[in-house]
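# Summary of the model geometry
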Amino acid sequence: MLSGDHKLVERCLQGDDAAWEEIVNSYGRRIYNLGYRYTNRREEAEDLAQEILIRVYQNLKSYRSESGSFQNWILKVARNLIIDHYRRVRRYPQTGGSEELESMNVQDDKLPNPLRKIEQAEAARFLQDGLQALSPELKEAIILRDLEGMAYNEMADLLNIPEGTIKSRINRGRLELARLLIKRRSQNDAGVKGAL
Amino acid sequence: MNCSKIEQWLSEYVESSLPAEETQTVAKHLETCTHCAAVVEEMKSILSVCRNYSTLEMDPELVERILLRTSGRPRTRSLRERVNQYFVRPILTPRFAAGAVLAALFLVLMVNVTIPKLKGSVSAMSSQGVLGFIDHGVRGLYGEALKAYETKNEWQAQFNRLKTNTWNSLRSIKEQMDEPVEGRRKSQDGEPRKESAPKEKTSGIYLLPA
């Protein structure tokens, strides 16, 4: 638990609106991006971020610093609401739209040449597609580990499962993604050769 | 060792977190198995893409909505936003743009009109000549200002005369209107007019003093 976060929560509970604004600014972007990784839709991610932060505000009193860091608590609230959202909309699978292209916005200035950059952008598009094809557990593991950069122990705390299970899910998720991308790449290559 | 056993270690292998012994086993397997080698390459590519994945910024309007729906307090604007809100945005309006274009056109026109005249005279002058030219200009401006001041005084005097005449005319008209009708008739018949005590004013016209 960061003492800064604890103080912020305390101030917030005493009615300090500036403290709440600081919390929104600190965690809002992460929550918004987490929602975007799951939904692949900007509007849905905005709605989710709003819903999550409102829920956090309403339940700030229930946060106990002894039970873990504020960051983990807020991520747990976020995850629960994202899963609820997933259950609501999973009957209507999302197909890749124009926003899929946004995932091509890969930020890497160290890339050696434009061709490599295009390849990376293509891989980012494939990755976003591939993530949507994974099962919820594997998708969650990949998002939290590879996109959010969480440590195994943080993930175990957040998801309330052993680290071994986390590692296994990550491995399975990466394997499935890799196979999927190999398959798509070969299909693309066959399509290009056919066109030539 | 078969591929399914190796695949269990691939994720940790690409993360370089696999123990040394298993790492060697996987490396040996990859030398002979093109399938697993391709999977490893793809995994590395996935990790690389994930590391460089763009992060979206929250729309300030979304932050505003969230804050208004929770604490009810609007978002704190940064100095830059405040400058934009109060100075830049009001300036960047169609009206301002039209005004700026007109002003620029006027400036260009003035420069085109005045510069050719100045060019010839300034190039022919020495530093003393330039000072003399400036002095001449200042004297000319002073002379024009004096003329304008005199003209203004003249107009003011004419206006005052006109104002006095008008007041006098109006005063005489008022006096005629205040005179009793019968008295006026008698005086018209040739009878001497009797002096009477001053009466209260009956006319509704009250003129202001000149």
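This text follows the structure it describes.
To keep things clear, this report deals only with the structure shown in the data block. (Residues numbered from 1 in each chain as written. Chains lettered and ligands numbered in written order. Predicted model: local features only at pLDDT ≥ 70, side-chain atom pairs only at ≥ 80, totals over all residues.)

Once that is clear, we can look at the overall build of chain B. Within chain B, the regular secondary structure consists of 8 helices and 0 strands. In chain B, which comprises 210 residues, the proportion classed as buried is 10%. Contacts spanning at least 24 positions in sequence make up 46% of the contacts within chain B whose residues lie at least 6 apart. (Helix = DSSP H or I, 4+ residues; strand = E, 2+ residues; numbered from the N terminus. Buried ≥ 20, exposed ≤ 12 C-beta atoms within 10 Å, placed from the backbone. Contact = placed C-beta atoms within 7 Å.)

Let us now look at the overall build of chain A. On a plain count of helices and strands, chain A comes out with 8 helices and 0 strands. The helix and strand sequence of chain A, counted from the amino end, reads α-α-α-α-α-α-α-α. Counting the 196 residues in chain A, one finds 33% classified as buried. Partitioning the contacts of chain A with sequence separation of at least 6, the portion at a separation of at least 24 is 60%.

Counting residues at the interface gives 34 residues for chain A, matched by 31 residues for chain B. In the side of chain A that touches chain B, the residues fall into 19 nonpolar, 7 polar and 8 charged. (Nonpolar A, V, L, I, M, F, W, Y, C, P; charged D, E, K, R; others polar.)

Of note, N160 of chain A is a non-glycine position whose phi angle comes to about 60 degrees, a positive value. When you line up the elements, N160 of chain A lands in the loop between α7 (152-159) and α8 (163-195).

Turning next to the packing of helix α2 (residues 17-39) of chain A against helix α3 (residues 42-58) of chain A. Residue and element names in this part refer to chain A. Closest axis-to-axis distance for the α2/α3 pair is 8 Å, and the angle between their directions is 140 degrees. One way to sum up the angle between α2 and α3 is to call them oblique. Judged by the sense of rotation from one axis to the other, the crossing of α2 with α3 is right-handed. Judged by residue contacts, W20, V24, G28, I31, Y32, G35, Y36 and T39 of α2 engage R42, E44, A45, L48, A49, I52, L53 and Y57 from α3. (Axes fitted to C-alpha atoms, helices over the stretch in contact; angles between N-to-C directions. Parallel < 35°, antiparallel > 145°, perpendicular 65-115°, else oblique. Left-handed = near helix turned anticlockwise from the far one by under 90°.)

All names here are of chain A. Among the 12 residues that make up helix α6 (residues 136-147), 9 are buried, leaving the element largely enclosed by the rest of the structure. L138, K139, E140, A141, I142, I143, L144, R145 and D146 are the residues of α6 that are buried. With its phi angle positive at about 70 degrees, G149 sits one or two positions after the end of α6.

Taken N-terminus to C-terminus, the directions of α3 of chain A and helix α4 (residues 60-70) of chain B make an angle of 30 degrees; their axes are 10 Å apart at the nearest point. Between α3 of chain A and α4 of chain B, the interaxial angle falls into the category roughly parallel. The hand of the α3 of chain A/α4 of chain B crossing is right-handed. Here α3 of chain A contributes E46, A49, Q50, L53, I54 and Y57 of chain A to the contact with α4 of chain B, which in turn contributes L62, R65, I66, R69 and T70 of chain B. Split into classes, the residues belonging to the contact of α3 of chain A with α4 of chain B amount to 6 nonpolar, 2 polar and 3 charged.

I31 and A49 of chain A are the most contacted members of the largest nonpolar core, which totals 57 residues. When residues of this core are assigned to their parent elements, the largest contribution, 9 residues, is made by α2 of chain A. In contact with A49 of chain A, not counting residues within four places along its chain, are G28, I31, Y32 and G35 of chain A together with L62 of chain B. (Core = buried A, V, L, I, M, F, W, Y, C linked by C-beta atoms within 7 Å.)

Moving on, we come to the environment of R77 of chain B. Residues and elements named next belong to chain B. When you line up the elements, R77 lands in the loop between α4 and α5 (79-91). Between the C-alpha atoms of R77 and P60, which are 17 residues apart in sequence, the distance is 9.7 Å. Residues in contact with R77, not counting those within four places in the same chain, are R82 and Q85.

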